[in-house]
Amino acid sequence: TLAEGESVALSDRGCDRTPMPTYLIGRRVGDAGVVVVGLDFSEGSLARAGKKLHIELCLVDPEGKLVNRTAAFPVGLEKLVSNEPLLADLEGRTFVVQPFSPKEFRAQHREFRLLAALDVTQIRTVIRRSLFIAIACISIAGLIALGSGLRLATVMSGALYRVHGAFDRLKAQEYVKVEGVQTGDEFEELATCFNTMLDGLRERDKLKTTFGKYMTA
């Protein structure tokens, strides 16, 4: 019985030609009567709908038994699903499963469920491969950074050691220049300034010695 307008419902008996749950859409057309259109949940109907949506479909009755499914819908997956979407691994393949239980799928106080499954095995493989490549790139970059840091630390410590050694020898009145400091930074500038200062000290001592001889004469 339909009121004015349109009504939808699910019949769990279908018709004589389709003894399976059927989705009914009825509309009263004035005083002329009622027009009722039925869409059964046969494998062909599910296949056509699944092809348009690029997913696999399955209809489950209120007792959790399989009513019908598309050809590629994995058998047994309907037993793994709950009322929430989930990621399921079955027979070496990975599926994202989303159950639907709209109010129109209730027939005589019995609720049918439509399950939509999308095969994401290839997507998961691509993600894992991309993640592996990303981890490998990060590891290589980390090793390069570590090697560069160690080399820089070695160069800096070597330059500092040479400058410090030259200062120690200067204290002992040994005028030895700092050699081999080519770091391109403040250490090289320090070594250059030290060598310049050393040249000045040598010149001073030379003049001092020369004037000392004249004064003695």
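Residues numbered from 1 in each chain as written. Predicted model: local features only at pLDDT ≥ 70, side-chain atom pairs only at ≥ 80, totals over all residues. Heavy atoms only, no water.

Participant: I'd like a rundown of the overall build of the protein, residues and numbers included.
Facilitator: When its secondary structure is counted, the protein shows three helices and 10 strands. Counting helices and strands in the order they occur from the N terminus, the protein gives β-β-β-α-β-β-β-β-β-β-β-α-α. Scored against the burial criterion, the 217 residues of the protein give a buried share of 25%. When contacts within the protein are restricted to residue pairs at least 6 apart in sequence, those whose partners lie at least 24 apart make up 40%. About 15,400 Å² of surface is accessible on the protein, with carbon and sulfur atoms providing 59% of the total. (Helix = DSSP H or I, 4+ residues; strand = E, 2+ residues; numbered from the N terminus. Buried < 20%, exposed > 50% of the residue type's maximum accessible area, 1.4 Å probe, protein only. Contact = heavy atoms within 4.5 Å. Areas by Shrake-Rupley, 256 points an atom, 1.4 Å probe, with all protein chains shown as cover.)

Participant: Residues and numbers for the environment of serine 101, please.
Facilitator: Checked against the element boundaries, serine 101 lands in the loop between β7 (93–100) and β8 (106–107). On the accessibility criterion, serine 101 (29% relative accessible area) is partly exposed. Taking the C-alpha atoms as reference points, serine 101 and leucine 114, 13 residues apart in sequence, are found 6.6 Å from one another. Ignoring sequence-local partners within four residues, the contact set of serine 101 consists of Glu111, Phe112 and Arg113.

Participant: Tell me what's going on with the nonpolar core, and back it up with residues and numbers.
Facilitator: Counting 12 residues, the largest nonpolar core is built from Ala159, Val163, Ala166, Leu170, Tyr175, Val178, Val181, Phe187, Ala191, Phe194, Leu198 and Leu201. Those elements that place two or more of their residues in this core are α2 (121–171) and α3 (186–216). Counting residues per element, this core draws most heavily on α3, at five residues. If we skip the residues at most four places from it in the chain, leucine 170 touches Tyr175, Phe194, Met197, Leu198 and Leu201. Leu77, Ala88, Leu90 and Val97 belong to the second largest nonpolar core, which has 10 residues in total. (Core = buried A, V, L, I, M, F, W, Y, C linked by side-chain atoms within 4.5 Å.)

Participant: Describe the pairing of β7, listing the residues and the values that go with them.
Facilitator: Note that strand β6 (residues 86–90) and β7 share five bridges and pair antiparallel. Bridge pairing in β7 places leucine 86 opposite valine 97. Here β6 folds back onto β7, and the loop between the two strands holds two residues, one of which, glutamate 91, carries a positive phi near 55°. Strand direction decides the pairing type here: β7 and strand β10 (residues 113–119), joined by six bridges, are antiparallel. Bridged to phenylalanine 100 within β10 is leucine 114. (Pairing = 2+ DSSP bridges.)

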